[in-house]
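Given next are the chains, with one letter for each unit.
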Amino acid sequence: MQMGDVYESVMELAKRRGFIWPTAECYGSVAGFIDYGPLGAMMKRRIENIWRDFFVIQEGYYEIESPVIGPEQVFIASGHVKGFVDKMFQCPHCREYFRADHAAEGAGIKNAAHMERSELEGALARTPCPACGTILGEVGIFDFNLMFQTGIGPGIQRRGYLRPETAQGMFTNFSRLLRFYRDRLPFGAVQIGKSFRNEISPRQGVIRLREFTQAEAEIFVHPAGKARHPYFYRYAEYRVPLLTIEHQIENMEPEAVAMDEAVKKGLVAHEYVAYYLALTHEILVRVGLSPEKIRFRQHMPDERAHYATDCWDVEFLSERFGWVEVVGIADRTDYDLKAHASESGTSFSVFLPLENPIRVKRRCLVPRMKLLGPLFKGKAKEIAEKIERMEPAEGEITLEIAGERIRIPPELYEIREEEVEVRGQEVIPHVVEPSYGIDRMLYAVLEHSYAEEVVEGETRRVLRLPPWVSPVQVAVLPLMPRDGLDEIAREIHGRLTLKKIVAEYDENGAIGRRYRRQDEIGTPFAITVDYETKDTGTVTLRERDSMKQVRIPLEGLEDLLDLLIKGEKMFSQLRS
RNA sequence: GCAUCGAUGGUCUAGAGGUAUGACGUUGGCCUUCCAAGCCGAUAGCCCGGGUUCGAAUCCCGGUCGAUGCACCA
């Protein structure tokens with residue numbers, strides 16, 4: 001097989017057999033959008049559910065669901081309104097579009113990235129166009145924001161954006177989630193849903209979409225507790241191929257490292273990040289990526305997003321696109337919670353009680369209300385509150401209330417020594433975020449599981465999907481569509497359906513042709529009803545990958561298939 | 001968004017200023033006792049819009065989508 005053509009073959013198969021196809025084809029499609037067909041939607045749901053098995057069931061991080069449209073403030077706080085833009089301009093001569101800061105720096109203008117718009121416009125006016133070489137002259141710089149903007153409600157509309165990541169939903173719900181988890185750290189919440197980025201020029205088919213599905217987990221941890229993950233032992237010896245910053249500088253191959261070693265050697269920032277590296281590896285292999293085509297690449301310092309400290313891209317190797325990011329694992333620190341705290345004016349911290357409350361002596365100022373009251377009337381209360389919050393000091397105090405300077409002579413307050421009990425501390429948690437691109441994952445699974453092989457002179461195309469990922473789980477085929485074989489097959493099909501097994505009945509065409517149809521969509525097993533079935537009450541069970549068959553009794557067929565589909569029993573263990 | 005190239009049934013493809021070839025697929029029937037067999041029949045197509053022309057799927061222009069290069073991808 002010519003490997004360069006794998007993308008074409010996979011996409012052709014995906015379109016023809018109902019996995020993925022371009023959106024609104026009857027109107028000519030739109031770049032950056034795809035539709036999932038019947039098998040694709042089914043497969044995508046299976047992948048999402050496997051992800052849930054890990055994050056919701058194993059980790060115990062409940063799933064939430066928040067709107068895809070968010071009010072402007074959310075994205076002002078997150079930094080996306082300001083930070084998710086590129087300053088761009090169009091050359092008036094050749095009509096090419098450029099990023100303003102890149103063009104300016106290319107022309108030798110220093111510090112262009114931090115210039116104001118007008119300053120940058122002035123600088124660009126004297127430089128030649130990077131494409132056509134003409135001196136640019138007057139160019140209008142405009143902000144291109146990668147977020148889709150919309151209005152909420154009629155009339156004077158409130159501005160809204162389609163979310164560029166699902167993460168903000170977990171952050172804005174922080175205090176409700178905190179209460180849900182009964183005020184304890186660590187806890188986490190996850191979300192699977194659509195996100196939107198108005199890419200300037202999406203290429204690469206399913207790899208860069210304008211609307212895509214993310215599965216994100218936000219795990220809130222005590223800043224001092226990141227070094228120890230409570231269940232780290234699960235993955236301590238789990239080996240993951242790491243491509244560290246050093247590997248990249250030295251141009252080395254990734255290296256399989258056990259997680260405890262990675263933390264000990266300081267390759268990975270702490271146990272929390274390491275834990276999710278390993279967990280991610282397990283998920284990716286489980287959904288059907290080839291282990292030898294996965295690597296974990298650490299972000300170079302200049303590559304990190306505005307919020308992250310240690311950050312890893314999990315990449316898969318595509319025959320067409322090279323190494324492609326499927327998952328990002330970042331320590332976002334307290335960036336997001338602090339940002340929302342300051343934008344919203346509400347608390348985004350956790351009160352953590354001390355096991356043994358401590359008593360501390362402290363001096364504080366106590367306003368003498370008897371004197372303050374008559375003197376300041378309506379302002380007295382506000383003044384008193386300010387005084388209480390001040391560092392104790394001797395002498396006259398100067399305050400500012402509503403722009404007015406007010407002097408408070410010492411006789412209006414007293415300095416008191418008191419012993420208070422400190423019951424705990426307010427902590428803003430740090431956030432560890434594993435973020436998965438579901439669409440890319442699905443494509444990676446398709447590409448890695450696609451195979452062509454020659455069987456008796458004919459090319460057999462087969463998707464070697466794990467049985468728990470295949471959209472159709474079993475094919476039920478009568479050897480001949482008559483002599484009662486079809487009736488038995490239909491009855492078996494019905495029995496499987498009752499067990500919630502996705503089964504397809506097919507009687508059309510030669511048996512070999514029907515096997516091939518199922519191979520192409522990755523159906524892992526086929527039940528064939530033949531003439532022996534009537535005599536012995538047995539059917540044949542064919543495995544997709546080996547094309548081997550065994551005879552098995554009709555009795556208990558559903559349970560056996562259920563085990564095979566879950567991977568709890570292997571086909572190779574079966575005997576006729 | 002720029003440049004170059006491309007777009008013909010579901011898929012692959014031939015051809016071409018007078019509406020189209022073949023194969024595969026799908027499907028109805030016959031046949032067929034386990035891996036795309038055979039026979040007969042059916043099926044559906046020139047990316048969209050405008051122009052030139054008696055007539056455009058074909059020529060021209062614009063758009064859309066795709067490939068490649070540039071640019072973009074916190």
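As a starting point, this report considers the structure included with it. (Residues numbered from 1 in each chain as written. Chains lettered and ligands numbered in written order. Predicted model: local features only at pLDDT ≥ 70, side-chain atom pairs only at ≥ 80, totals over all residues. Heavy atoms only, no water.)

So, on to the overall build of chain A. In terms of regular secondary structure, chain A is built from 19 helices and 28 strands. On C-alpha atoms alone, chain A measures out to a radius of gyration of 31 Å, which is more than a quarter above the 25 Å that the 2.2 N^0.38 rule sets for 576 residues. Projected onto its principal axes, the C-alpha coordinates of chain A cover approximately 110 × 70 × 55 Å. Relative to all contacts within chain A whose residues are 6 or more apart in sequence, the contacts with residues 24 or more apart total 65%. Only carbon and sulfur atoms are counted for the fraction: they give 49% of the accessible area of chain A, which is about 29,100 Å². One way to put it: in chain A the 76 positive side-chain charges average out to a point 3 Å from where the 89 negative ones average out. (Helix = DSSP H or I, 4+ residues; strand = E, 2+ residues; numbered from the N terminus. Rg over C-alpha atoms; globule rule 2.2 N^0.38 Å. Contact = heavy atoms within 4.5 Å. Areas by Shrake-Rupley, 256 points an atom, 1.4 Å probe, with all protein chains shown as cover. Lys, Arg positive; Asp, Glu negative; His and termini not counted. Charge placed at Lys NZ, Arg CZ, Asp CG, Glu CD.)

By size, the foremost hydrophobic cluster in this structure holds 73 residues, and its most contacted members are Phe 55 and Tyr 276. When residues in this core are grouped by element, the largest group, eleven residues, is from helix α11 (residues 271-287). Ignoring any residue separated from it by four or fewer positions in sequence, one finds Tyr 276 in contact with Phe 55, Glu 59, Tyr 61, Ile 219, His 229, Ile 329, Val 432 and Pro 434. Formed by 24 residues, the second largest nonpolar core is a distinct cluster that contains Leu 496, Ile 527, Val 539 and Leu 557. (Core = buried A, V, L, I, M, F, W, Y, C linked by side-chain atoms within 4.5 Å. Buried < 20%, exposed > 50% of the residue type's maximum accessible area, 1.4 Å probe, protein only.)

What follows concerns α11. Its 17 residues place the ends of α11 24 Å apart at the C-alpha level, agreeing with the 24 Å of an ideal helix rising 1.5 Å per residue. Among the 17 residues that make up α11, 14 are buried, leaving the element largely enclosed by the rest of the structure. (Expected span 1.5 Å × (residues − 1).)

If you want to describe how two helices pack, look at the angle between their axes and the distance between the axes. Two elements in contact, helix α16 (residues 485-498) and helix α19 (residues 557-566), have axes whose closest approach is 10 Å; the angle formed by their N-to-C orientations is 55 degrees. One finds that α16 runs oblique with respect to α19. Taken as a pair, α16 and α19 cross one another with a handedness that is right-handed. Only Leu 557, Glu 558 and Leu 561 of α19 make contact with α16, whose side of the interface consists of Ile 492, Arg 495 and Leu 496. Of the residues contributing to the contact of α16 with α19, the split by class is four nonpolar, no polar and two charged. (Axes fitted to C-alpha atoms, helices over the stretch in contact; angles between N-to-C directions. Parallel < 35°, antiparallel > 145°, perpendicular 65-115°, else oblique. Left-handed = near helix turned anticlockwise from the far one by under 90°. Nonpolar A, V, L, I, M, F, W, Y, C, P; charged D, E, K, R; others polar.)

A separate point is the protein's contact with RNA strand B. Around RNA strand B, the surrounding shell holds 44 residues, and the nearest of these are Arg 99, His 102, Arg 203, Tyr 515 and Arg 517. Sugar and phosphate atoms represent 54% of those atoms of RNA strand B found within 4 Å of the protein. In this structure, a base nitrogen belonging to RNA strand B sits 3.2 Å away from a side-chain N or O atom of Arg 197. At 2.6 Å from a phosphate oxygen of RNA strand B is found a side-chain nitrogen or oxygen belonging to Asn 508. When contributions to the surface near RNA strand B are tallied by element, the ones reaching two or more residues are α1 (6-17), β6 (97-99), β23 (458-463), α17 (511-521) and β27 (538-543). Take the surface near RNA strand B: its biggest share by element is six residues, from α17. (Near = heavy atom within 4 Å. Polar contact = N/O pair within 3.5 Å; in protein donor to acceptor, adjacent residues only side chain to side chain.)

The mixed open sheet is built from five strands, whose spatial order is β25-β24-β26-β27-β28. The open sheet is flanked by β25 (503-505) and β28 (549-553), the only strands paired with a single partner. Sheet twist, expressed as the average angle between the axes of neighbouring strands with direction ignored, equals 25 degrees. Where strand β24 (residues 474-478) lies against strand β26 (residues 525-529), five bridges are found, and the strand directions are parallel. Directly across from Leu 477, in β26, lies its bridge partner Thr 528. Its contacts with the sheet place α19 against β24, β26, β27 and β28, and it is angled at close to 160 degrees to β26. (Pairing = 2+ DSSP bridges.)

This brings us to the packing of aromatic side chains. Applying the stated rule across the entire model yields 22 aromatic pairs. Plain terms: the ring middles of Tyr 62 and Tyr 181 are 6.4 Å apart, the flat faces sit at 45 degrees to each other, and that makes the pair tilted. Linking Tyr 62 in strand β3 (residues 62-63) with Tyr 181 in the loop between α8 (174-180) and β10 (187-196), this pair joins segments that are 119 residues apart in sequence. For Tyr 62, a relative accessible area of 49% puts it in the partly exposed group. When the ring centre of Tyr 36 is taken as reference, the NZ or CZ atom of Lys 44 above it lies at 5.1 Å. The ring centre of Tyr 515 lies 4.5 Å from the NZ or CZ of Arg 542, which sits over that ring. (Phe/Tyr/Trp six-rings, centres within 6.5 Å; stacked < 30°, edge-to-face > 60°. Lys NZ or Arg CZ within 6 Å of the ring centre and 35° of its normal.)

Moving on to the packing of helix α2 (residues 38-58) against α11. Orientation of α2 relative to α11, taken along the N-to-C sense of each, is 145 degrees, at an axis distance of 10 Å. The crossing of α2 and α11 is right-handed. On the side of α2, the interface is formed by Ile 47, Ile 50, Trp 51, Phe 54, Phe 55 and Gln 58, while α11 contributes Tyr 275, Tyr 276, Leu 279, Glu 282, Ile 283, Arg 286 and Val 287.

Below, the discussion takes up the sheet that holds strand β14 (residues 294-298). Spatial ordering of the open sheet is given by β3-β10-β11-β21-β16-β15-β14-β12-β13, a layout of nine strands whose pairing is mixed. Strand pairing shows two members of the sheet lacking a second neighbour, β3 and β13 (255-258), which therefore form its edges. For strand β15 (residues 311-318) and strand β16 (residues 322-333), the ladder comprises eight bridges, and the chain directions are antiparallel. Within β16, the position partnered with Ser 318 by the bridge is Gly 322. Sitting on the sheet, helix α15 (residues 438-449) is in contact with β11 (211-221), β15, β16 and β21 (430-437), with an inclination near 35 degrees to β15.

Looking now at the environment of Ala 258. With respect to the helices and strands, the residue Ala 258 is situated in strand β13. Remark: the alpha-carbon pair of Ala 258 and Val 240, spanning 18 residues in sequence, is separated by 6.5 Å. Contacts of Ala 258, omitting those with residues within four sequence positions, involve Ala 236, Glu 237, Tyr 238 and Arg 239.

So, about α16. In this model, α16 (14 residues) spans 20 Å end to end at C-alpha, consistent with the 20 Å of a helix rising 1.5 Å per residue. Close packing links the buried residues of α16 with β24, β25, β26, α18 (531-536), β27 and α19. Among the residues trailing α16, Lys 500 stands out with phi positive, at a value near 65 degrees.

The next thing to look at is unusual backbone geometry. Note the cis peptide between Leu 185 and Pro 186, where omega equals -5 degrees. Relative to the helices and strands, Pro 186 resides in the loop between α8 and β10. Notably, Arg 182 is not glycine yet its phi reads approximately 55 degrees, a positive angle. Despite not being glycine, Asp 183 has its phi angle at roughly 55 degrees, a positive value. With respect to the helices and strands, the residue Asp 183 is situated in the loop between α8 and β10.

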